[in-house]
Amino acid sequence: MRNSVSVHALRAGNLTLPENKFLAPLEDIESRRTVPSLSFLIQHCSRVTRKTTRLVFDLGIRREPHFYQEDIRRHTMTREPLSGRPDVIDSLDSGDIASSDIDMVILSHVHWDHIGMPSDFPLSSFAVGHGSLDLLNGTKVLSNGGHSHFEKDLLPMERTVELPDPTRARIHDEQVDCHQDPVFYLGMLSQRLWRPFGPVPRTIDIFADGSVLLVDSPGHLPGHINLLCLVNLDPVRYVYLAGDACHDRRILTGECNIAEWKDPKFPDKVCCIHLDREEAMNTIKMIRSLEMDGNSLGEVEVILAHDDQWAKDAEKRGRFFPGAL
Ligand SMILES: [Zn+2]
């Protein structure tokens, strides 16, 4: 039976982006914009056991820049004004939720402004997209800018699952049983199959009840994932948590393009905030199709992790936790 979840926006710090690294064309190439790094609480109540399972999607910015390792901390200086307060822990606390109430933290990707402080969640498990662990352990090294530094010891490996490779077929099908405890599904994530859902080519239905779908959303960074959450059954309404698939709503609407620039140190190389610009563009097109009128799923609200306008509006309308989306 189909189920829905409640989704709550969490304040998790602000950073300042040089717009010429994100958006083109620009009237003022020196312009900078202070934006949030949004995180979300998702609460799922099992129709069978009545148990509530809580997920947090992204952990935002650390409350103190010096809690980052040195090369990330140096990069944070290029993103000032920067603030890590309130952080995810403060935001959860505003609705009387403690980190010990969180069953799983899912990271959209492992860039510094989304990873927060995993050590604040000593009882939770963690899920990351395929390829994230290679970035963290240094097996894969990227050279597309100062934002691509990673911490080896970020996640507790004994409590972390990496999602399966979306480009490969799995040998074993999932053993989904709707009567299982929801926590059972969290433990099985690494063995699940990616399946199409409406216009979305690769999803994993976390609780096997249609309430929360992990979405493979490649292009920005290896392992980049989004969440599609069913927040209302009748009429059907989803929120789509887009992480860094897109940094500005004007790119989503087609008014602007993804920026590219030249690094004077490497004049032959074209730089982009997305590791694979073409793949990022395909992901954006997929997200655009979700939001369009008449899509097969029903109403879908897309929320970009760094959308300052969305956050201002959400603030006015009481949509931050303990409010709901
Ligand atoms: Zn990012």
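As annotated in an unreviewed UniProt entry, the protein chain carries the name Metallo-beta-lactamase domain-containing protein and is attributed to Penicillium angulare. Under the UniProt heading Sequence similarities (unreviewed entry), the note attached to the protein chain is "Belongs to the metallo-beta-lactamase superfamily."

Time to look at the overall build of the protein chain. The helix and strand inventory of the protein chain stands at eight helices and 18 strands. Expressed as lengths along the three principal axes of its C-alpha atoms, the size of the protein chain is roughly 60 × 45 × 45 Å. For the protein chain, with 325 residues in total, the buried portion stands at 54%. Counted over contacts in the protein chain with a minimum sequence separation of 6, partners at least 24 positions apart contribute 65%. Distance between charge centroids for the protein chain: 1 Å, based on 36 positive and 48 negative side chains.

Before going further, it helps to examine the pairing of strand E5 (residues 39–45). Counting buried positions along E5 gives six out of seven residues, so the element sits mostly inside the fold. As paired elements, strand E1 (residues 5–10) and E5 share six bridges and run antiparallel to each other. Within E5, the residue paired with Ser 6 across the bridge is Gln 43. Two strands pair when backbone bridges link them, and E5 and strand E6 (residues 52–57) are joined in this way by six bridges, in the antiparallel orientation. From the neighbouring strand, Gln 43 faces E6, where its bridge partner is Arg 54.

Cis peptide bonds are those with omega within 30 degrees of zero, and the linkage from Arg 85 to Pro 86 qualifies with -10°. As for its position among the elements, Pro 86 is in the loop between helix H1 (70–76) and helix H2 (88–93). The amide bond that connects Asp 234 to the next residue, Pro 235, takes the cis arrangement and shows omega of 0°. One can find Pro 235 in the loop between strand E13 (225–232) and strand E14 (237–241). The phi dihedral of Asp 58 is positive, around 70°, even though this residue is not glycine. By secondary structure assignment, the location of Asp 58 is in the loop between E6 and H1. One non-glycine residue with positive phi stands out, namely Ala 208, at about 55°. If you trace the backbone, Ala 208 turns up in the loop between strand E11 (200–205) and strand E12 (212–216). Using a relative accessible area of 17% as the deciding quantity, one classes Ala 208 as buried.

Here the focus is the side chain of His 8. Tracing the backbone through its elements, the reader meets His 8 in strand E1. Within the local environment of His 8, its side chain forms a polar contact with the side chain of Ser 6, the two groups lying 2.9 Å apart. A polar side-chain atom of His 8 sits 2.9 Å from the main-chain carbonyl oxygen of Gly 323. Setting aside anything within four residues of it in sequence, one finds His 8 in contact with Ser 39, Phe 40, Leu 41, Gln 43, Phe 321, Pro 322, Gly 323 and Ala 324.

Each pair of aromatic rings is reported with the distance of its centres and the angle of its planes. Scanning the entire structure with this criterion turns up four aromatic pairs. Look at Phe 184 and Tyr 185: their rings are 5.5 Å apart centre to centre, the planes differ by 75°, and that puts the pair in the edge-to-face class. The exposure class assigned to Tyr 185 is buried, which follows from its relative accessible area of 3%. With a centroid separation of 6.4 Å and an interplanar angle of 70°, the aromatic rings of Phe 197 and Tyr 238 are classed as edge-to-face. In this pair, Phe 197 is assigned in strand E10 (residues 195–197) and Tyr 238 in strand E14, connecting sequence segments 41 residues apart. In this structure, Arg 11 packs its charged tip against the face of Phe 320, placed 4.4 Å from the ring centre.

Time to look at helix H7 (residues 277–291). Taking 1.5 Å of rise per residue, 15 residues should cover 21 Å, and H7 covers 21 Å from first to last C-alpha, within 8% of that figure. For H7, the set of buried residues is Ala 280, Thr 283, Ile 284, Met 286, Ile 287 and Leu 290. Along H7, the residues classed as buried sweep out an arc of 160° about the axis, all on the same side. Capping the start of H7, Asp 276 holds a side-chain oxygen 3.2 Å from the backbone nitrogen of Glu 278, two or three residues further along.

Parameters at a glance
Residues numbered from 1 in each chain as written. Predicted model: local features only at pLDDT ≥ 70, side-chain atom pairs only at ≥ 80, totals over all residues. Heavy atoms only, no water. UniProt positions renumbered as here; feature names shortened; annotations may be inferred. Helix = DSSP H or I, 4+ residues; strand = E, 2+ residues; numbered from the N terminus. Buried < 20%, exposed > 50% of the residue type's maximum accessible area, 1.4 Å probe, protein only. Contact = heavy atoms within 4.5 Å. Lys, Arg positive; Asp, Glu negative; His and termini not counted. Charge placed at Lys NZ, Arg CZ, Asp CG, Glu CD. Pairing = 2+ DSSP bridges. Polar contact = N/O pair within 3.5 Å; in protein donor to acceptor, adjacent residues only side chain to side chain. Phe/Tyr/Trp six-rings, centres within 6.5 Å; stacked < 30°, edge-to-face > 60°. Lys NZ or Arg CZ within 6 Å of the ring centre and 35° of its normal. Expected span 1.5 Å × (residues − 1). Arc of directions from axis to C-beta.

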